[in-house]
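Secondary and tertiary structure notes
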Amino acid sequence: MDIKIKFTAIALMFTASAGAQTLSQAQRWFTQGEFEKAKPVFKKLVKQSPSNASYNFWYGACCYETGEMMEGLPYLEKSAARKVINAYLYVSKAYYDMYRYDDAIENLEQHIYWLKQKKRDTTEAEELMGKYRKGARLIRSVENITVIDSFVVDKRSFLDAYKLGEQSGNLQMTDNGNEDVSIEFVNEMGDKKLLSANDENGNKKLYASVKLIDSWSKPQRLKGINDDMTDLNFPFLDSDGTTLYFAAKGEESLGGYDIFITRADSEENSYFRPDNMGYPFNSAFNDYMYAIDDYNNLGWFASDRYQPEGKVCVYVFIPNESKTTYDYDTVEPGKMISLARLDNIALTQTDRNEVARAKQRLAKVTYAKTGKKNKKTEFTFIVNDNRTYTSLNDFRKPEAKKMFQEMRKMQSDLETLENELDKLREKYSKSNKAVRESMTPGILDKEKRVNGLRTEIGKMETKIRNMELK
């Protein structure tokens, strides 16, 4: 009997020793960031001792770090309730990812409080608090946009999903290896290029270059936006030639890359302080490559939110003429979060007719882009009886080519005005006297603008022909 007791005691000692070694190894893995290795050990331990606050924290933190946030959150909440200091930090991160900003701030405040009590450094936590407060502020002004479609595509070729009309300029991806991708934007006229390149310290900044006779000028760093941000990339200049969109990382970002907007200050030859585009364009993940096709009234941006490695989601939306936001005080909180996350784009589609028309425009521009390779004729411009141009490469004079591009833009504007005028006239013919009287000034104004554009286009055609024939 005594021998059996001794053997049992020895076995228990070995078991306890092995358990201690396993826990010690798992803690080392955790400290070294090898969470996948540590997770099964802590899972087993927390199953054996469900009330152990430390086990609950370690397992919950491993789940968060390995992409199983919802699995780990209850364990983190349990350990935070037992006042495990770092549990407050991880709970706050989980709530931040869930757009529960008030709860995230409350838990981070507890984390900072206990760090101060223990006389530990709070710098990183304070920086995190700035990001949380930014999210709490931006969730109150989610922009009301209509997303008509979304595509999950390979990150390496995501630009293929952008079907911008030729009047919006051209985007080109430069693959620098090691998943280091840069974007170059060339405007419609083909005389200005925006690009992202590394500076002398290896940080990505934005530069501009102008077209010379047969080459591009040396890129010059854009003023006003490069100093306070890091990893600036994905530039896009709106057709107004003034509004610039780009993506960057830094203190003003919610996650990795965020999309920003700024405008040119012509007097200072610089750009104004950029503004974060907010929700739903940005998230706690990487959001970038915001582009607008003003002529087809379509917009694009890309995001890796909730996407597997190597994939991104490209959203197509209808741009607003001016920013309009949801009423935070009247929209149910869960719905507001969904609108900010864009996890259900159908919620944004409140006008079916508007969505249908936008999808028609998208189909039209998609067909134009995919069919262009098979079409040798881009347009038909008769110079004289012996010369007809069908491509921009046919022009001999740079001035004539530039004026022709300007004229094509005016022709597009004219077509839009004429379509609007036709609809007004149709509505006018079916309306009563009172409505007709109210519509008359608008119709007369559009008729005047149409006639003015037609006259100006006619004059430009003559000028272009004369330039080419000289």
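Criteria and thresholds
Residues numbered from 1 in each chain as written. Predicted model: local features only at pLDDT ≥ 70, side-chain atom pairs only at ≥ 80, totals over all residues. Heavy atoms only, no water. pLDDT = per-residue confidence, 0-100. Contact = heavy atoms within 4.5 Å. Phe/Tyr/Trp six-rings, centres within 6.5 Å; stacked < 30°, edge-to-face > 60°. Helix = DSSP H or I, 4+ residues; strand = E, 2+ residues; numbered from the N terminus. Buried < 20%, exposed > 50% of the residue type's maximum accessible area, 1.4 Å probe, protein only. Lys NZ or Arg CZ within 6 Å of the ring centre and 35° of its normal. Pairing = 2+ DSSP bridges. Axes fitted to C-alpha atoms, helices over the stretch in contact; angles between N-to-C directions. Salt bridge = Lys/Arg side-chain N within 4 Å of Asp/Glu carboxyl O. Polar contact = N/O pair within 3.5 Å; in protein donor to acceptor, adjacent residues only side chain to side chain. Left-handed = near helix turned anticlockwise from the far one by under 90°. Nonpolar A, V, L, I, M, F, W, Y, C, P; charged D, E, K, R; others polar. Core = buried A, V, L, I, M, F, W, Y, C linked by side-chain atoms within 4.5 Å. Expected span 1.5 Å × (residues − 1).

A closer look at the confidence of the model for the protein
- For the protein, per-residue confidence averages 88 on the pLDDT scale, and residues scoring 70 or more make up 92% of the total.
- Throughout residues 8–18 the model reports pLDDT below 50, and contacts reaching past four residues in sequence, or to other chains, amount to zero contacts.

Brief notes about the packing of aromatic side chains
- Enumeration over the complete set of coordinates arrives at 33 aromatic pairs.
- The interplanar angle of 85° and the centroid separation of 4.9 Å between the aromatic rings of Y59 and Y75 together place this pair among those described as edge-to-face. Here the residue Y59 occupies a position in helix α3 (residues 53–65), and Y75 occupies one in helix α4 (residues 69–81), the gap between them amounting to 16 residues.
- Residue classification places Y75 among the partly exposed positions, given a relative accessible area of 26%.
- Taken together, the ring pairs in this structure connect F30, F35, F42, Y55, F57, W58, Y64 and Y90 into an aromatic cluster.
- The aromatic ring of Y90 is capped on one face by K93, whose charged end is 5.2 Å from the ring centroid.
- Lying over the aromatic face of Y257, K249 brings its terminal NZ or CZ to 4.8 Å of the ring centre.

A word on the sheet that holds strand β14 (residues 311–318)
- Pairing is antiparallel across the open sheet formed by four strands, whose spatial order is β1-β14-β13-β12. Looking at the sheet topology across the chains shown, the edges are occupied by β1 (146–154) and β12 (287–293). The sheet shows a mean angle of 20° between the axes of neighbouring strands, taken without regard to direction.

Some remarks on the pattern of salt bridges
- Under the defined criterion, the tally for this structure stands at 17 salt bridges.
- Ionic pairing is found between K39 and E68, a salt bridge with its closest N-O pair at 3.1 Å. Note that K39 is positioned in helix α2 (residues 35–48) and E68 in the loop between α3 and α4, a separation of 29 residues in sequence.
- Classification of K39 as buried rests on a relative accessible area of 11%.

Considering the side chain of K204
- Mapping K204 onto the fold places it in strand β5 (residues 204–210).
- For K204, a relative accessible area of 6% puts it in the buried group.
- A distance of 2.7 Å separates the side chain of K204 from the side chain of S182, its partner in a polar contact.

Details of the packing of α3 against helix α5 (residues 85–97)
- Two numbers describe how α3 lies on α5: the axes approach to 10 Å, and their chain directions differ by 35°. Both α3 and α5 take part in a crossing whose hand is left-handed. Taken together, the residues of α5 that come into contact with α3 (itself represented by F57, A61, Y64 and E65) are N86, A87, Y90, K93, A94 and D97.
- For the contact of α3 with α5, the class distribution of residues is six nonpolar, one polar and three charged.

Some remarks on the nonpolar core
- The biggest cluster of nonpolar side chains holds 56 residues, and the ones touching the most others in it are F158, Y162, L171 and M289.
- By residue number, the principal contributor to this core is β14, which donates seven residues.
- Not counting the four nearest positions on each side in its chain, M289 is found in contact with F158, L159, Y162, L171, I183, F234, P235, F236, W300, F301 and A302.
- Ranked by size, the runner-up nonpolar core spans 55 residues in total, among them Y55, L73, I139 and M336.

Focus on helix α6 (residues 101–117)
- Here α6 is 17 residues long and its end C-alpha atoms lie 24 Å apart, about the 24 Å a rise of 1.5 Å per residue gives.
- Y101, A104, I105, N107, L108, H111, I112 and L115 are the residues of α6 that are buried.
- Here the buried face of α6 lies against α5 and α7 (123–138).
- Backbone geometry just after α6 places K119 at a positive phi near 60°.

Details of the environment of E188
- The residue E188 is located in the loop between β3 (181–186) and β4 (192–198) in this model.
- Separated by 18 residues in sequence, E188 and N170 have C-alpha atoms that sit 7.2 Å apart.
- With near-sequence residues (within four places) excluded, E188 lies in contact with E166, Q167, G169, Y295, Q405 and K409.

Comments concerning the pairing of β12
- Taken across its seven residues, β12 has seven buried, putting it largely inside the fold.
- In this structure, β12 lies alongside strand β13 (residues 298–303), joined through five bridges in antiparallel fashion. Among the inter-strand pairings, D293 is bridged to a residue of β13, identified as L298.
- In this antiparallel pair of consecutive strands, β12 and β13, the connection spans four residues, and N297 shows a positive phi of 55°.

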